[in-house]
Amino acid sequence: MRKLFALLALLLASLGLYGALFALVLNRPLDLGPLREAIAYKRAAAARTDRPKLVIFAGSNALFSHSCAIIGPMLDLPCVNAGVAMGLGLDYQFALWKPRLHAGDTVYMPLELQQYVVTPTEARRGPDAAILWRHDRALLLSLGPARTLSAAFSGTAESGIASLVEMAAADLRPALAHPAFAETDAQGDGIGHDLAHAAANRAFLATLHRPDPPAAAIIGGYGAREVAAFLGWARPAGVRVIGGWPTEFADHPPDPLLGPALVRIYGGDFLRLPNRGRYGRDDFFDSQDHLVSECQARHSIAVARGLAPMLGRAARMPAQEAISLASRCP
């Protein structure tokens with residue numbers, strides 16, 4: 001019996017040491033730091049933005065393929081681009097953004113289709129698991145015991161070694177400790193990803209193929225349930241949520257059932273774009289989620305014109321600079 005208690009004590013001590021190392025000591029300033037800083041930057045932008053406002057929420061599809069600098073003025077609404085990266089847990093992001101949303105605000109959500117079909121395990125094992133365990137355990141606890149346990153055991157030997165390397169690199173060269181996740185403007189839009197810079201990615205883009213999830217999988221996906229929970233919070237809070245098409249390659253047309261599936265998730269509040277977010281491969285920067293700046297402008301003009309009647313607003317003419325930029329989209 002003593003040996004059993006000793007083994008249990010050793011096991012508990014080992015687990016405690018493991019948890020403490022990843023919670024209090026080990027850090028990923030180069031890999032995860034930019035994600036945290038990008039989210040903080042965008043939340044700060046929302047905090048200082050007038051109300052009511054428009055928030056564009058998705059992964060990097062929002063960041064690179066949508067421009068608040070164009071959409072906001074066309075709708076005469078302050079606008080913040082909340083897009084960071086696909087793979088960050090939706091529950092984590094929703095929890096961070098709820099305090100920044102108020103009655104009268106609108107959230108436009110052109111979520112990547114893959115976000116609707118993630119499994120619970122995938123949703124809990126993204127990069128935000130390590131971020132929450134290391135930097136925001138109070139928020140983590142609010143997300144529930146399953147999320148907390150998953151984050152507590154998310155550290156691996158590989159990530160531990162990477163942490164030591166990154167921490168040493170950041171200490172030797174402090175400038176490395178704050179790398180930019182992406183070049184952005186004051187509203188959080190991705191900038192600088194134009195046709196000239198995309199030329200080097202053409203061969204790579206030609207090899208990409210990402211099939212759309214089936215409509216049934218989207219409706220029944222764990223991500224769709226998280227979106228439904230967010231809608232359940234938003235409606236009584238006076239926040240309107242409008243779904244939208246993410247960007248994708250036009251040579252891979254969507255299943256006809258996809259549109260109705262997405263409309264169903266958002267209770268009919270969905271922006272029905274004529275091209276369903278599909279563009280030619282030459283219109284993209286380095287993935288099917290990232291339009292080049294010129295096509296980001298064209299897409300943003302189309303989104304603003306589509307949202308205007310849904311919001312009871314008259315769409316203003318886009319600025320001449322935006323028209324000129326959009327005219328260069330292939």
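Residues numbered from 1 in each chain as written. Predicted model: local features only at pLDDT ≥ 70, side-chain atom pairs only at ≥ 80, totals over all residues. Heavy atoms only, no water.

### Regarding the sheet that holds strand β3 (residues 106-109)
Hydrogen bonds between backbone groups are what pair the strands of a sheet, and the pairing can be parallel or antiparallel.
Next, step 1: Strands sit in the order β2-β1-β3-β4 across an open sheet of 4 strands; the sheet is parallel. Looking at the sheet topology across the chains shown, the edges are occupied by β2 (79-81) and β4 (240-243). Ignoring which end each strand starts from, the neighbouring axes of this sheet average 20° apart.
Next, step 2: With 4 bridges joining them, β3 and β4 adopt parallel strand pairing. Bridge pairing links Val107 to Val241 in β4. (Pairing = 2+ DSSP bridges. Helix = DSSP H or I, 4+ residues; strand = E, 2+ residues; numbered from the N terminus. Axes fitted to C-alpha atoms, helices over the stretch in contact; angles between N-to-C directions.)

### Brief notes about the environment of Gly126
Next, step 1: Residue placement: Gly126 occurs in the loop between α7 (120-124) and α8 (127-135).
Next, step 2: Since its relative accessible area comes to 14%, Gly126 is described here as buried. (Buried < 20%, exposed > 50% of the residue type's maximum accessible area, 1.4 Å probe, protein only.)

### Description of the side chain of Arg28
Next, step 1: Within the element layout of this structure, Arg28 appears in the loop between α1 (2-25) and α2 (33-47).
Next, step 2: Of note is the side chain of Arg28, whose polar atom sits 2.8 Å from the side chain of Glu166.
Next, step 3: Each residue touching Arg28, except ones within four places of it in the same chain, is listed here: Gly33, Ser159, Ala162, Ser163 and Glu166. (Polar contact = N/O pair within 3.5 Å; in protein donor to acceptor, adjacent residues only side chain to side chain. Contact = heavy atoms within 4.5 Å.)

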